[in-house]
Amino acid sequence: MDRVKGKVAVVTGAARGIGRACALRLAEEGAAVAVTDLLDDEGQGVVDEITSNGGRAAYWKLDVCNEAAVERVFNETADRWGRLDIIVNNAGIAGPAEPTDKINEADWDKLFAVNVKGVFFGTKHAVPHLRKAGGGSIINMSSIYGLVGAADAPAYHAAKGAVTLMSKNDALLYAGEDIRVNAVHPGFIRTPMVEQADEEFDGQLIPAVTAKTPVGRLGDPDDIAWAVVYLASDESRFVTGSSLVVDGGYTAK
Ligand SMILES: NC(=O)c1ccc[n+]([C@@H]2O[C@H](COP(=O)([O-])OP(=O)(O)OC[C@H]3O[C@@H](n4cnc5c(N)ncnc54)[C@H](O)[C@@H]3O)[C@@H](O)[C@H]2O)c1
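Keep in mind the model is a prediction, meaning the values are calculated, not measured.

*Asks:* Can you tell me about the sheet that holds strand β7 (residues 243-246), naming the residues and giving the values?
*Replies:* Pairing is parallel in the open sheet, where 7 strands are placed in the order β3-β2-β1-β4-β5-β6-β7. Each end of this open sheet is capped by a strand with a single partner; those strands are β3 (56-61) and β7. When strand polarity is set aside, the average angle formed by the axes of neighbouring strands in this sheet is 20 degrees. Note that strand β5 (residues 136-141) and strand β6 (residues 179-186) share 6 bridges and pair parallel. Each bridged residue has a counterpart across the sheet, and for M141 the counterpart in β6 is V184. On top of the sheet, helix α3 (residues 67-81) reaches β1 (8-12), β2 (32-37), β3 and β4 (86-89); it is set at about 155 degrees to β3, its chief contact.

Given below as structure tokens:
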């Protein structure tokens with residue numbers, strides 16, 4: 001309890017999956033949480049769950065590709081709760097599961113708009129608020145696919161690789177202002193993203209990635225959310241520019 005008490009957080013893509021778990025756990029640990037997503041009903045459902053448990057949260061519709069909207073929602077969050085301390089740049093899409101020589105430009109650009117430009121906008125418009133608060137924590141959702149190859153999803157790998165290095169470089173840029181920037185690298189986590197991909201691959205994906213995960217199971221969204229709570233809290237005050245891998249041993253090989 002109270003690991004992030006008094007802090008104010010924005011979580012993008014918070015209506016379901018990993019983002020939802022991050023919002024729930026941050027609120028449980030005392031943060032006021034802006035739950036932001038494109039999915040209004042699911043997003044409001046997360047807010048209702050938090051407030052019915054005595055937490056503080058509100059929902060904003062937010063497409064992370066829309067810079068003006070990102071700036072407005074961050075301003076409204078800070079106006080509502082008086083400050084902004086934590087941004088979880090979580091929103092992401094899987095994109096085309098095709099080899100590089102088959103991907104079309106529009107699919108590549110769409111993936112980069114959400115997974116890379118969305119993190120850029122989230123960081124750009126968080127920094128002035130974190131500066132005003134005297135510091136803060138930016139947590140970028142990369143992936144094991146931002147660390148190692150897997151001979152699939154080339155655009156996703158390229159985008160998550162970008163997020164990994166954006167996190168390290170921004171950590172250096174803002175370290176002197178006590179604004180920490182870290183990346184989290186989930187392995188395969190049971191979320192709607194993975195379940196939908198499994199359906200597209202006729203139920204072959206989850207067994208295949210389970211077999212590649214040394215602990216022999218997929219992760220749970222809370223496995224990632226607790227890593228995010230750590231990076232959001234003052235427990236990690238000396239941690240910046242790090243890559244926190246939460247993958248059941250996938251990249252240990
Ligand atoms: N699930 C995994 O195995 C896994 C592994 C590594 C990394 N990740 C990353 O974790 C993050 C969350 O993944 P997830 O598995 O929970 O996915 P998910 O699809 O279950 O949830 C993603 C959420 O992001 C929202 N979203 C999508 N595009 C958006 C946009 N333009 N603006 C705002 N919100 C948008 C969706 O509506 C959805 O609620 C992503 O960045 C993903 O790449 C997931």
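The rest of the description comes next.
*Asks:* Explain the pattern of salt bridges to me, using residue names and the numbers behind them.
*Replies:* Where charged atoms from two side chains of opposite charge come close, those side chains can pair. Under the defined criterion, the tally for this structure stands at 12 salt bridges. Residue D85 pairs with R83 through a salt bridge whose shortest N-O separation is 2.8 Å. With a closest N to O distance of 3.6 Å, D223 and R217 form a salt bridge.

*Asks:* Which residues make up the site of the ligand, and what values do they have?
*Replies:* Of all residues adjacent to the ligand, which total 29 residues, the nearest are R16, D37, N90, Y156 and T191. D37 places a side-chain nitrogen or oxygen 2.6 Å from an oxygen atom of the ligand. Contacts to the ligand include N90, whose backbone N or O atom sits 2.7 Å from an oxygen atom. Its free accessible area being 830 Å², the ligand has 94% of it covered by the protein chains.

*Asks:* Got a sec to walk through the layout of surface pockets? Specific residues and values, please.
*Replies:* Reported here for the second largest pocket is a volume of approximately 220 Å³. If you trace the second largest pocket, you find 14 residues lining it, with K7, G135, G136, D178 and D234 closest to the centre.

*Asks:* Could you give an account of the packing of aromatic side chains, with specific residues and numbers?
*Replies:* How two aromatic rings sit relative to each other is given by the distance of their centres and the angle of their planes. For the structure shown, the criterion picks out 6 aromatic pairs. On the numbers, 6.2 Å between centres and 75 degrees between planes, the contact of W60 with W81 is edge-to-face. Here W60 is found in strand β3, whereas its partner W81 is found in helix α3, with 21 residues between them in sequence. Residue W60 shares its accessibility class with W81, and that shared class is buried. When the centroid spacing of 5.3 Å and the interplanar angle of 35 degrees are considered together, the rings of F120 and F121 count as tilted. On the basis of relative accessible area, F120 is assigned to the partly exposed category, the value being 40%. Every member of this aromatic cluster is reached through a ring pair, and the members are Y145, Y156, F188 and Y250. Just above the ring of Y250 sits the side chain of K253; from NZ or CZ to the centre is 5.0 Å.

Scoring rules and cut-offs
Residues numbered from 1 in each chain as written. Predicted model: local features only at pLDDT ≥ 70, side-chain atom pairs only at ≥ 80, totals over all residues. Heavy atoms only, no water. Pairing = 2+ DSSP bridges. Helix = DSSP H or I, 4+ residues; strand = E, 2+ residues; numbered from the N terminus. Axes fitted to C-alpha atoms, helices over the stretch in contact; angles between N-to-C directions. Contact = heavy atoms within 4.5 Å. Salt bridge = Lys/Arg side-chain N within 4 Å of Asp/Glu carboxyl O. Near = heavy atom within 4 Å. Polar contact = N/O pair within 3.5 Å; in protein donor to acceptor, adjacent residues only side chain to side chain. Areas by Shrake-Rupley, 256 points an atom, 1.4 Å probe, with all protein chains shown as cover. 1 Å grid on protein atoms, 1.4 Å probe; cavity = no way out; pocket = protein on both sides within 12 Å on 5 of 7 lines; lining within 4 Å. Points joined across faces, edges and corners; volume = space filled by probe spheres on them. Phe/Tyr/Trp six-rings, centres within 6.5 Å; stacked < 30°, edge-to-face > 60°. Buried < 20%, exposed > 50% of the residue type's maximum accessible area, 1.4 Å probe, protein only. Lys NZ or Arg CZ within 6 Å of the ring centre and 35° of its normal.

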